[in-house]
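One letter stands for each residue in the lines below.
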Amino acid sequence: MTADPLLEIRNVSKQFGATKALDSVSLTLYPGEVHALLGENGAGKSTLIKIMTGIHQPDSGEILLQGHPISLHNSAQAQKHGIAAIYQEPLVFPDLNIAENIFISHQRRNPLVRWGKLYRDAEKVLAQLGVALDVRALARGLPLAAQQTVEIAKAISMDVRVLIMDEPTASLSIHEVKQLFALVRNLRKAGVAILFISHRMDEVFEIADRVTVFRDGQFVSMAPVAEVTPERAIRDMVGREIGDIFVKEPSPRGDVILSVKALSREPRFRNINFELHAGEVLGLAGLVGAGRTDVALALFGIAPAHHGHIEYLGKEVHIHSPKQATQMGMVYVPEDRRQHGLVLPMSLMANISLPSVKNYRNQFGMVQHHKEAATAEHYRQQLSIRTSSLSMPAGKLSGGNQQKVVLSKWLNTKPRLLILDEPTRGIDVGAKQEVHRLINDLAQQGLAILMISSDLPEVLAMSDRVLVMREGQQMGIFERHEATQETIMAAAIGQSVEKPVERAAEYA
Amino acid sequence: MQRSKLWARLKSWEALLFIILCVVIFVNLRLSSHYLDLNNLANIFHLSIEKSLMVLIMAFVIINGEIDLSVASIMALGATVLAERYEAGWSIAAGLALALLVGLGCGLLNGLFVAYMGIPSLIVTLAGQIGYRGAARIILEDRSVGDFPKWFTSLGQDGFIGPFPITSFLFLALFILGLVVLQYSVFGRYVYAIGNNRAAAEYAGINAKQVKVTLFMLSGLIAALAGACYAARLGNVRANAAEGFELDVITIVLLGGVSIFGGTGTMLGVGLSLLVVLNLRNGMSLSNVDGNTQTSVVGSLLILSVLIPNWMQRLQRLLSHLFAKNPKLFNRGGAAEPKSPVSVHQ
């Protein structure tokens, strides 16, 4: 690493509302290196990418390109400086052909397109990459790997100097990954600096020259790959401060409420097996995209499983709609409250009564507002929903109060089984603790709870057992005393640390 | 608290419509001495009874986030079926029953395509508009069929109470029913919830597809019923009856404060909007303004109904902006308040 640094990020901070997404982080990229960036969900990787590509502007700190400070106000400026990013899901225009896609953002602004030149230039770029694609073919229907190649070609044609690859291999087959890595090595040889983000440790160790770890928006460590071991990287990723998080009290484990056997919905998840007892909280851990939400959606009947068995209260059931699941007493508190949890313009009261509004009819079939109001008032007190009025539109409440409204609406249906998807995401610390207490109380009352969470301390504090998923697969179920941040993260990224994953799988 | 509630109510679209209605009535009173004649008042409703009926169900459809462009064609088809069957020797009752069934069937077809095949209602009902009209043309070709029995036409023409024919009371009954169902029933709650956020409604266990099919079927049914009213009112039916009615119907619904994107609007607003448009047209007729000009005026009103709230919001924002910059500007003498006197929404 004798060359001068190509891109330097110095003490960059970025705040979104109350959360500090990046806290004075620094990162240096040298020409001709592959620099891996590791971190849990929410470590600040995406924010850094967005700052590097001009989508977000840092609150403080500076970015230097070859020693000169630059400011990036939009992605066009980033492109001009030779900074480009490719993502897990390539952003190609399906109805344009490959050549058009490559030159989409920097076609010569002539009144007429010179098709011949366009095709020749596109072929030249692809030849440089050593790939053979028909530049006249439409991007629609191209395999993901080919779409990524098009994205890379686009970057090359813009004389890219810094290429950010955000989980580029997540949707690729092994063979395609090999091809991609060959491309990456070519780029490295050509002096491009590559920021490589991946959750697959083996890939990181295969391709990277140096490894940086972020945690909670902060820089944790940076070292040449030779000095890093998977164990150390994982420890750096997870060593998160627990703070004074509420810890679930032991609750009596009752009968089996839900039993899932060999549940599959390709390509989202396959062969999921677990039992969930009354009074138990089963944590569902894993990285974003591991298929956890898909399992929940299958149980709730939104995207039913293709194979496998679901036994609910001892009987085999086939769930095809949320209506059916709700009637059975199985409810789902979705991850995206605003999209799936609430009808934002409707009042808090109407949102709470929505799934059970039929119970509020009088003999003429009319909804009795005073009874709805009584229910809403009950939950306002019980869950301490802070609002000036029950007829306030749900959209005007804070995140924490919105989540309490969603919880109220489902608790009001008297469920037996509660599926929580990221129950405390985006809500403030106080409300978070209240939600944790509520989960604890509900478990004490004998509810079976399946809790999806990307917040490892939360998973550890609230779960009686933890099921870890990785890329659609069940990696194991950990009893409470076996679960640590390290074991869970190791399982979530497919590494074995201290406790072999195979042993954990025995509990499944 | 009380004051802000009152203020919110005053600012509501319904209040604005009510003021517009008062203005229209006032102007009509000044323009024509015949305006208050009982016969004229009856005419106001009588002459547009078909549109009025279809407005009621269109409000539901649009609040649900859909649109039905095929109502006028279903109406014509309903009238056609009734007339053709009567001509073929059926009784009026049997013909009416078949017409209503046909309307229901057309609506079912629309609903199935929209809800279960996921085709946008704009496209489905545009196809329906063409298709159902075509069916009416196939049945009647260029003929005008009438010669209905006296009792049937008198239902649509003669006064039932005073000069008001029974169809006016049918409308009144359906309006009250519609208001109760939309504003106070479980079904109405579902219509709003789905129109606002279909995904959240479905996640809450509501069968949105069922609700949508039901609405389109009701829309077809009411349209066919309007067709029967039309046959009774005019005494004869042609296949090109009611062409372009759907746009008037949609205009009235939107003017009533229903968002074209679904989710908002009230039956009260739609009722007021209907009164505004009918009285406006009546006043213009009394002043001998021709039909085309009347249509342009109603069209301008629709555009204004979208623009005025936009302008009001901008004005509010501007005011509060100025106010925040220079509190004394609007509050000479007294102490400067930190907040704007007008609350800005969103």
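What you see is a predicted model; the values in this text were computed from it and never measured.

1. A word on the nonpolar core
In terms of nonpolar packing, the biggest core is built from 246 residues, with Ile419(A), Ile449(A), Ile488(A), Met58(B), Ala59(B), Met75(B) and Val253(B) touching the most fellow members. Ranked by residue count, the leading element in this core is helix H12 (residues 208-234) of chain B, at 17 residues. Those residues within four positions of Ile419(A) in sequence are excluded, and the remaining contacts are Ala296(A), Leu299(A), Phe300(A), Val331(A), Tyr332(A), Val333(A) and Leu450(A).

2. Section: the domain arrangement of chain A
Interface size is often expressed as the accessible area that is lost when the parts come together. Domain parsing of chain A yields domain 1 (7-238), domain 2 (251-329 + 417-428 + 447-508) and domain 3 (341-414). Placing a centre on the C-alpha atoms of domain 1 of chain A and another on those of domain 3 of chain A gives a separation of 45 Å.

3. A short note on the sheet that holds strand S6 (residues 83-87) of chain A
Residues and elements named next belong to chain A. Spatial strand order, S6-S7-S8-S3-S9-S10: six strands in an open sheet with mixed pairing. With one partner strand each, in any of the chains shown, S6 and strand S10 (218-224) form the two edges of the open sheet. Adjacent strand axes in the sheet meet at a mean angle of 20° when their direction is disregarded. Strand direction decides the pairing type here: strand S3 (residues 34-38) and strand S9 (residues 210-215), joined by four bridges, are parallel. What sits directly across from leucine 37, in S9, is threonine 212. Its contacts with the sheet place helix H1 (residues 45-52) against S3, S6, strand S7 (162-166), strand S8 (193-197) and S9, and it is angled at close to 150° to S7.

4. A word on the domain arrangement of chain B
Residues and elements named next belong to chain B. Domain boundaries in chain B define domain 1 (2-287) and domain 2 (290-346). With centres defined by C-alpha atoms, the gap from domain 1 to domain 2 works out at 33 Å. Facing the seven residues of domain 1 at the interface are six residues of domain 2. If one sorts the elements of the side of domain 1 that touches domain 2 by residue count, helix H14 (residues 267-286) sits on top with four residues. Taken together, the residues of the side of domain 1 that touches domain 2 sort by class into five nonpolar, one polar and one charged.

5. What about the interface of chain B and chain A?
Facing the 19 residues of chain B at the interface are 22 residues of chain A. Of all the secondary-structure elements, those providing two or more residues to the side of chain B that touches chain A are helix H9 (166-184), helix H10 (186-196) and helix H11 (198-203) of chain B. Partitioned by chemical class, the residues of the side of chain B that touches chain A number 10 nonpolar, seven polar and two charged.

6. Here we look at the packing of helix H6 (residues 92-117) of chain B against helix H7 (residues 121-140) of chain B
Residues and elements named next belong to chain B. With their axes 9 Å apart at the nearest point, H6 and H7 run at an angle of 150° to one another. When the interaxial angle is binned, H6 and H7 end up roughly antiparallel. When the axes of H6 and H7 are compared, the crossing they make is right-handed. When H6 is examined against H7, the residues Cys106, Asn110, Phe113 and Val114 are found in contact with a partner set consisting of Ser121, Val124, Thr125, Gly128 and Tyr132. Across the contact of H6 with H7, the residue classes tally to five nonpolar, four polar and no charged.

7. Points about the environment of His81(A)
Residues and elements named next belong to chain A. Relative to the helices and strands, histidine 81 is located in the loop between helix H2 (75-80) and S6. Residues histidine 81 and leucine 282, 201 residues apart in the sequence, show an inter-C-alpha distance of 48 Å. When residues no more than four places from it in sequence are discounted, the contact partners of histidine 81 are Leu65 and Ile70.

8. A short note on the packing of helix H4 (residues 49-63) of chain B against H9(B)
For any two helices packed against each other, the geometry comes down to the angle between their axes and how far apart the axes lie. All names here are of chain B. Axis separation between H4 and H9 bottoms out at 10 Å; the angle between their running directions is 10°. As far as their axial angle goes, H9 and H4 are roughly parallel. Within the contact between the two elements, H4 uses Ile49, Ser52, Leu53, Leu56 and Phe60 and H9 uses Thr167, Ser168, Phe171, Leu174, Phe175, Gly178 and Leu182. A per-class count over the contact of H4 with H9 returns eight nonpolar, four polar and no charged.

9. A word on the pairing of S7(A)
All names here are of chain A. Most of S7 sits inside the fold, with four of its five residues counted as buried. Sheet topology places S6 next to S7; five bridges connect them, and they run parallel. Directly across from tyrosine 87, in S7, lies its bridge partner aspartate 166. Pairing analysis gives five bridges linking S7 to S8, with the strands arranged parallel.

10. Here we look at H14(B)
All names here are of chain B. Taking 1.5 Å of rise per residue, 20 residues should cover 28 Å, and H14 covers 28 Å from first to last C-alpha, within 8% of that figure. Judged by how many residues are buried, H14 sits mostly within the fold: 15 of 20 residues are covered. Just downstream of H14, asparagine 288 is the residue with a positive phi angle, here 60°.

11. Examining the pairing of strand S1 (residues 7-16) of chain A
All names here are of chain A. Examined bridge by bridge, S1 and strand S4 (residues 60-65) share five bridges and lie antiparallel to one another. Its bridge partner lying in S4, isoleucine 9 is registered against isoleucine 63. Pairing of S1 with strand S2 (residues 19-29) involves seven bridges; the strand directions are antiparallel. Opposite glutamate 8, over in S2, you have threonine 28 as the bridge partner.

12. With respect to unusual backbone geometry
Residues and elements named next belong to chain A. Across the junction of glutamate 266 and proline 267, the peptide omega takes the value -5°, indicating a cis bond. With respect to the helices, strands and loops of the structure, proline 267 is situated in the loop between strand S11 (256-265) and strand S12 (269-277). In this model, serine 24 sits at a positive phi of 50°, which is unusual for a non-glycine residue. In this fold, serine 24 is placed in strand S2. When the 14 C-beta atoms within 10 Å are taken as the criterion, serine 24 is described as partly exposed. Positive phi is not limited to glycine here, since glutamine 66 has a value of about 50°. As for its placement among the helices and strands, glutamine 66 is situated in the loop between S4 and strand S5 (68-70).

13. Topic: the sheet that holds S1(A)
All names here are of chain A. Ordered in space as S2-S1-S4-S5, the four strands form an open sheet in which the pairing is antiparallel. This sheet does not close on itself; its edge strands, each paired only once, are S2 and S5. Taking the axes of each pair of neighbouring strands and ignoring which way they run, one obtains an average angle of 30° across the sheet. Alignment of S4 against S5, held across three bridges, turns out to be antiparallel. Within S5, the position partnered with leucine 64 by the bridge is proline 69.

Reading the values: the criteria
Residues numbered from 1 in each chain as written. Chains lettered and ligands numbered in written order. Predicted model: local features only at pLDDT ≥ 70, side-chain atom pairs only at ≥ 80, totals over all residues. Core = buried A, V, L, I, M, F, W, Y, C linked by C-beta atoms within 7 Å. Buried ≥ 20, exposed ≤ 12 C-beta atoms within 10 Å, placed from the backbone. Helix = DSSP H or I, 4+ residues; strand = E, 2+ residues; numbered from the N terminus. Contact = placed C-beta atoms within 7 Å. Domains from an automatic or database assignment. Pairing = 2+ DSSP bridges. Axes fitted to C-alpha atoms, helices over the stretch in contact; angles between N-to-C directions. Nonpolar A, V, L, I, M, F, W, Y, C, P; charged D, E, K, R; others polar. Parallel < 35°, antiparallel > 145°, perpendicular 65-115°, else oblique. Left-handed = near helix turned anticlockwise from the far one by under 90°. Expected span 1.5 Å × (residues − 1).

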